[in-house]
Amino acid sequence: MAGVGSVVDVQGTVADGFEPVRDAFAANFTRHGERGAAMVLYREGEKVVDLWGGTKTPDDGESGPEASGGDPEPWTQGTAQVVRSVTKGVAAAVPLLLHQRGQLDLDGRVSTYWPEFKAAGKERVLVRHLLAHRTGVPVLDTPLTPAEAVDGISGPRAVAAQRPVWEPGTAHGYHAQTYSWLLGELVRRVTGRTIGRWIAEEIARPLGLDLWLGLPEEQRGRVGRIAAVEALAAPAAHGPRLRPKRSVAEAYRDPESLTRRAFAAITPVPDENDPAYLAAELPASGGVATAEALARFYAALIGPLPSARTARSGGRLFAPATLTMARTEESAGPDRVLVVGTRYGLGYMLHGPACPLLGPGSFGHPGRGGSLAFADPEARIGFAYVTNGMRRGVTADPRAQALVRAVRTSLAAREA
């Protein structure tokens, strides 16, 4: 049984030179209160780290309707997890690939594809504004219920009718929840397919990924249950304990702030363990994946995978020009929602103080509560960490950061 602060028997393998990653992964259970997690690293198209440990179900009495009672289930190599906003990075590949195939103009107006969207002063919103969180619609004047959020109709209708809270294109702010309906409806209008179906048919199946936006019922038993974990007080030797700046904390407390309103676009907070939520297609927050699938996905964005079952570019998803667009800075500076300085490319967070990745060329996406996935073309890596132990914070979870530092150390030692 993996309790908070306990020593866990870490399973899996690491290639020679990546032992610091195993050490950091194991230390997360004792230093950071990890419950259940997995981490995978691809380098040059080959898997060099594959680790998992802890429990897939809570060990604190919160068994829930999907648990069978008794001792918590161990996390296994095939355990999948709701990855919250890590989903945004997977979903962002869809419009970029549509552009790559000549089906979508990133400099075109969203209303060209979705006429209803031009209402309330949004007629000049560009597709690239949507991807770079510049649309000005991070909030809904009337939040959606959990049932409305997943019905496929209410969300697109609400964002189409919503008046922007800033002039589109002039500033940026994290579209925490509304990104689901903005991106999902755009893809549906362009392709005639839901975004979950498009990902399944064009990305997950060809690459052999255990990754779903809209979890099939037969896969439900593989999914770890999300539950909150408390941060442990870290010894001074392991660095200071991170606390939000006062302005950030105040923004989360203020019910009228863009911060609170953006995260409350679905009210009340949905149960992310609910089968109906898992089956929904919410590209802002509802993806389910294994760490293996996410690392492999990011590895495929930047280079071919030898074992990929696809004829397109030998398994590589992004052409060089698309890769450049994905990680070219579109938004930078004060984020009107997150209240810190953030950097975005087209659909991806970029390396910076608010979201530290491996290095300046890295691009990917964190998930609120802990999970993280990204690629670094210069280091030729695809990285993924998933967890079911949710902690406060959006962009720089200490468990994920410990693993990133260990990867950086391992790569530097190999190059020395």
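Residues numbered from 1 in each chain as written. Predicted model: local features only at pLDDT ≥ 70, side-chain atom pairs only at ≥ 80, totals over all residues. Heavy atoms only, no water.

Engineer: I'd love a proper account of helix α14 (residues 398-415), names of residues and values included.
Structural biologist: Between the first and last C-alpha of α14 there are 26 Å, a value that for 18 residues agrees with the 26 Å anticipated at 1.5 Å per step. Within α14, the full set of buried residues consists of Arg399, Ala400, Gln401, Ala402, Leu403, Val404, Ala406, Val407, Ser410 and Leu411. Where α14 begins, one side-chain oxygen reaches toward the backbone nitrogen of arginine 399, 2.8 Å away; that side chain belongs to aspartate 397. (Helix = DSSP H or I, 4+ residues; strand = E, 2+ residues; numbered from the N terminus. Expected span 1.5 Å × (residues − 1). Buried < 20%, exposed > 50% of the residue type's maximum accessible area, 1.4 Å probe, protein only. Polar contact = N/O pair within 3.5 Å; in protein donor to acceptor, adjacent residues only side chain to side chain.)

Engineer: Any chance you could break down the sheet that holds strand β7 (residues 288-289) for me, citing the residues and the numbers?
Structural biologist: Judged by pairing direction, the sheet is antiparallel, and its 3 strands sit side by side in the order β4-β7-β5 without closing on themselves. Single-partner strands in this sheet number two, and they are β4 (81-82) and β5 (211-212). As paired strands, β4 and β7 are joined by 2 bridges and run antiparallel to one another. Among the inter-strand pairings, glutamine 81 is bridged to a residue of β7, identified as alanine 289. (Pairing = 2+ DSSP bridges.)

Engineer: Kindly report on the pairing of strand β2 (residues 36-43), identifying the contributing residues and their values.
Structural biologist: Counting buried positions along β2 yields 8 of 8 residues, so the element is predominantly enclosed. Side chains of β2 alternate between two faces, with Gly36, Ala38, Val40 and Tyr42 and Ala37, Met39, Leu41 and Arg43 buried alike. Looking at chain direction, β2 and strand β3 (residues 46-54) are connected through 8 bridges and run antiparallel. Bridge pairing in β3 places alanine 37 opposite glycine 53. Here β2 hands over to β3 after 2 residues, with glutamate 44 in that stretch at a positive phi of 55°.

Engineer: Account for the packing of helix α2 (residues 86-100) against helix α12 (residues 291-302), with residues named and values stated.
Structural biologist: One way to put it is that α2 packs onto α12 with a least axis distance of 11 Å and a crossing angle of 40°. Here α2 runs over α12; the crossing is left-handed. Note on element contacts: α12 touches α2 through Leu294, Phe297, Tyr298 and Leu301, opposite Val86, Gly89, Val90 and Ala93. In terms of residue class, the contact of α2 with α12 is built from 7 nonpolar, 1 polar and no charged. (Axes fitted to C-alpha atoms, helices over the stretch in contact; angles between N-to-C directions. Left-handed = near helix turned anticlockwise from the far one by under 90°. Contact = heavy atoms within 4.5 Å. Nonpolar A, V, L, I, M, F, W, Y, C, P; charged D, E, K, R; others polar.)

Engineer: Outline the packing of aromatic side chains, listing residues and values.
Structural biologist: Pairs of aromatic rings are described using the distance from one ring centre to the other and the angle between the two planes. For the structure on display, the rule yields 9 aromatic pairs. Measuring from ring centre to ring centre gives 5.8 Å for phenylalanine 25 and phenylalanine 29, while their planes differ by 75°; the resulting arrangement is edge-to-face. Placement of both phenylalanine 25 and phenylalanine 29 in helix α1 (residues 19-31) is noted, with a separation of 4 residues, approximately one turn of the helix. For the pair phenylalanine 25 and phenylalanine 29, one class covers both residues: buried. For the ring pair phenylalanine 374 and phenylalanine 383, a centre distance of 4.7 Å and an interplane angle of 20° mean the geometry is stacked. Just as phenylalanine 374 is buried, phenylalanine 383 falls in that class too. Here the basic side chain of lysine 122 rests over the ring of phenylalanine 117, its NZ or CZ set 4.9 Å away from the ring centre. Across from the ring centre of phenylalanine 263, 4.2 Å away, lies the NZ or CZ of arginine 368, which sits over that ring. (Phe/Tyr/Trp six-rings, centres within 6.5 Å; stacked < 30°, edge-to-face > 60°. Lys NZ or Arg CZ within 6 Å of the ring centre and 35° of its normal.)

Engineer: Please give an account of α12 that cites residues and values.
Structural biologist: In this model, α12 (12 residues) spans 17 Å end to end at C-alpha, consistent with the 16 Å of a helix rising 1.5 Å per residue. Most of α12 sits out of view: 11 of its 12 residues are buried. Looking only at α12, the buried set comprises Ala291, Ala293, Leu294, Ala295, Arg296, Phe297, Tyr298, Ala299, Ala300, Leu301 and Ile302.

Engineer: Tell me what's going on with the environment of threonine 409, and back it up with residues and numbers.
Structural biologist: Among the structural elements, threonine 409 can be located in helix α14. Sequence-wise, threonine 409 and valine 21 are 388 residues apart; in three dimensions their C-alpha atoms are separated by 8.7 Å.

Engineer: Which residues make up the packing of α2 against helix α8 (residues 195-207), and what are the values?
Structural biologist: For the pair α2 and α8, interaxial distance at closest approach is 10 Å and the crossing angle is 75°. With respect to α8, the axis of α2 lies roughly perpendicular. Across the interface between the two elements, Val90, Ala91, Ala93, Val94, Leu97 and Leu98 from α2 touch Ile195, Trp198, Ile199 and Ile203 from α8. Here the residues of the contact of α2 with α8 are counted per class, giving 10 nonpolar, no polar and no charged. (Parallel < 35°, antiparallel > 145°, perpendicular 65-115°, else oblique.)

Engineer: Could you give an account of the pattern of salt bridges, with specific residues and numbers?
Structural biologist: Pairing between side chains becomes possible if they bear opposite charge and their charged atoms approach one another. Counted under the stated rule, the structure contains 22 salt bridges. Residue glutamate 34 is joined to arginine 399 by a salt bridge in which the shortest nitrogen-to-oxygen separation is 3.0 Å. Taken together, the residues span a long stretch of sequence, with glutamate 34 in the loop between α1 and β2 and arginine 399 in helix α14 at a distance of 365 residues. Accessibility assignment for this pair places glutamate 34 and arginine 399 in one class, buried. Here aspartate 50 and lysine 47 are joined by a salt bridge, their closest N and O atoms 3.3 Å apart. We classify aspartate 50 as buried; its relative accessible area is 8%. Among the charged side chains, a salt-bridge network with shared partners connects Arg101, Arg193, Arg197, Glu201 and Glu202. (Salt bridge = Lys/Arg side-chain N within 4 Å of Asp/Glu carboxyl O.)

Engineer: Could you give me a rundown of the confidence of the model for the protein chain, with the residues and numbers involved?
Structural biologist: Residue-level pLDDT values for the protein chain average 91, and 89% of them are 70 or greater. Here residues 61-68 is a poorly scored stretch, pLDDT under 50, and it has 9 contacts once near neighbours within four places are set aside; other chains count. Throughout residues 234-241 the model reports pLDDT below 50, and contacts reaching past four residues in sequence, or to other chains, amount to 5 contacts. (pLDDT = per-residue confidence, 0-100.)

Engineer: Describe the nonpolar core, with residues and values.
Structural biologist: Membership of the largest hydrophobic core comes to 76 residues, with the highest contact counts inside it found for Ile203, Leu294, Phe297, Leu301, Phe318, Tyr348 and Phe363. With 39 residues, the next largest nonpolar core counts Phe18, Leu41, Leu372 and Ala406 among its residues. (Core = buried A, V, L, I, M, F, W, Y, C linked by side-chain atoms within 4.5 Å.)

Engineer: Provide a residue-level description of the side chain of serine 180, including the pertinent values.
Structural biologist: If you trace the backbone, serine 180 turns up in helix α7 (residues 179-191). At a separation of 2.9 Å, a polar atom in the side chain of serine 180 contacts the main-chain amide nitrogen of alanine 284. The residues contacting serine 180, other than those within four sequence positions of it, are Leu282, Pro283, Ala284 and Ser285.

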